[in-house]
Amino acid sequence: MDELFVICATHEVEDGGARGFVLARPGEAGGTVPWPILVSRKGRNFYGFENACPHQGLRLDQASGEFMDDAGNFLTCSHHGAQFDLDTGHCFAGPCQGKALTPIRLVVDDGDVCVSGVDLADEDGLDLPESDVPEVVITSD
Ligand code: FES
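Now for a description of the structure that goes with this document. (Residues numbered from 1 in each chain as written. Predicted model: local features only at pLDDT ≥ 70, side-chain atom pairs only at ≥ 80, totals over all residues. Heavy atoms only, no water.)

1. Focus: the overall build of the protein
For the protein, the count of helices and strands is zero helices and 11 strands. Buried residues in the protein amount to 37% of all 141 residues. Within the protein, contacts between residues at least 6 apart in sequence are counted, and of these 53% link residues at least 24 apart. When the accessible surface of the protein is totalled, it reaches about 7,600 Å², and 43% of it is carbon and sulfur. (Helix = DSSP H or I, 4+ residues; strand = E, 2+ residues; numbered from the N terminus. Buried < 20%, exposed > 50% of the residue type's maximum accessible area, 1.4 Å probe, protein only. Contact = heavy atoms within 4.5 Å. Areas by Shrake-Rupley, 256 points an atom, 1.4 Å probe, with all protein chains shown as cover.)

Below, the structure written as structure tokens:
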């Protein structure tokens, strides 16, 4: 079985909401590059996406610090207002309508939301804000 990397506890993502994290991946040219992701939640189900808008590749929350529209129903890109389904990442309105966020496979394990099947690197040296960086724990089931 793939290694699981714990991102956060399930209770740390609000039902009907989303939260962002910055992980680190090995860069193609060596070294380490930041990998911003977001985790959204509907009830007991959690969904992971790369935090990169299909319109211009920017972080959805970069301009406003928010992932959700004013009504709190959809993921919204704070740059030009693209709206995405919380569970599928499908863009149904805005400049990238018809495209979708890139999904990440999540596994809920013993109350933790984990990513699986990806090659992560140590984020040391990326100089990221501490609030962005999860305490990643590797488990092996
Ligand atoms: S970069 Fe997201 S809508 Fe333009």
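Past the structure itself, the notes keep going.
2. Some words on unusual backbone geometry
With a phi close to 55 degrees, Asp110 is a non-glycine residue in the positive phi region. Along the polypeptide, Asp110 turns up in the loop between β9 (106-109) and β10 (112-116). A relative accessible area of 75% places Asp110 in the exposed class.

3. With respect to the nonpolar core
It is characteristic of soluble globular proteins that their nonpolar side chains tend to be buried jointly. Counting residues in hydrophobic clusters, the biggest one holds 16 residues, and the most contacted among them are Leu23, Trp35, Ile37, Val39, Leu106, Val115 and Leu120. For this core, the secondary-structure elements that each account for two or more residues are β1 (4-9), β2 (18-26), β3 (32-42) and β10. (Core = buried A, V, L, I, M, F, W, Y, C linked by side-chain atoms within 4.5 Å.)

4. Some details on the pattern of salt bridges
One pass over the structure, following the stated rule, counts three salt bridges. Note that Asp61 is salt-bridged to Arg59, the shortest N-O span being 3.4 Å. (Salt bridge = Lys/Arg side-chain N within 4 Å of Asp/Glu carboxyl O.)

5. Side note on the sheet that holds strand β5 (residues 75-76)
Taken in spatial order, the three strands of this open sheet run β5-β6-β7, and their pairing is antiparallel. Looking at the sheet topology across the chains shown, the edges are occupied by β5 and β7 (91-93). Both β5 and strand β6 (residues 83-84) contribute to a ladder of two bridges, which runs antiparallel. Its bridge partner lying in β6, Leu75 is registered against Phe84. (Pairing = 2+ DSSP bridges.)

6. A look at the layout of surface pockets
Roughly 150 Å³ of internal volume is contained in the largest pocket. Taken together, Glu12, Val13, Glu14, Gly17, Ala18, Arg19, Gly65, Glu66, Phe67 and Met68 form the lining of the largest pocket. Residue composition of the lining of the largest pocket, by class: four nonpolar, two polar and four charged. (1 Å grid on protein atoms, 1.4 Å probe; cavity = no way out; pocket = protein on both sides within 12 Å on 5 of 7 lines; lining within 4 Å. Points joined across faces, edges and corners; volume = space filled by probe spheres on them. Nonpolar A, V, L, I, M, F, W, Y, C, P; charged D, E, K, R; others polar.)

7. A word on the environment of Phe49
Within the fold, Phe49 resides in strand β4 (residues 45-50). Taking relative accessible area as the criterion, Phe49 reaches 2% and is therefore assigned buried. Between the C-alpha atoms of Phe49 and Leu86, which are 37 residues apart in sequence, the distance is 9.9 Å.

8. Details of the pairing of β3
Taken together, the nine bridges between β2 and β3 define a ladder with antiparallel strand orientation. When the sheet's bridge partners are listed, Arg19 is paired in β3 with Val39. As consecutive antiparallel partners, β2 and β3 are separated by five residues, and within that stretch Gly30 has a phi angle of approximately 90 degrees, a positive value. Where β3 lies against β4, six bridges are found, and the strand directions are antiparallel. Note that in β4 the partner of Val39 across the bridge is Gly48. Counting the residues between successive antiparallel strands, the hairpin from β3 to β4 contains two residues, one of them, Gly43, with a positive phi of roughly 65 degrees.

9. Brief notes about the state of the cysteines
Applying the stated criterion across every chain yields a total of zero disulfides. As a non-bridged cysteine, Cys91 has Cys96 as the owner of its nearest cysteine sulfur, 3.8 Å distant. (Disulfide = S-S within 2.5 Å.)

Function-wise, these values are silent; they only describe arrangement.
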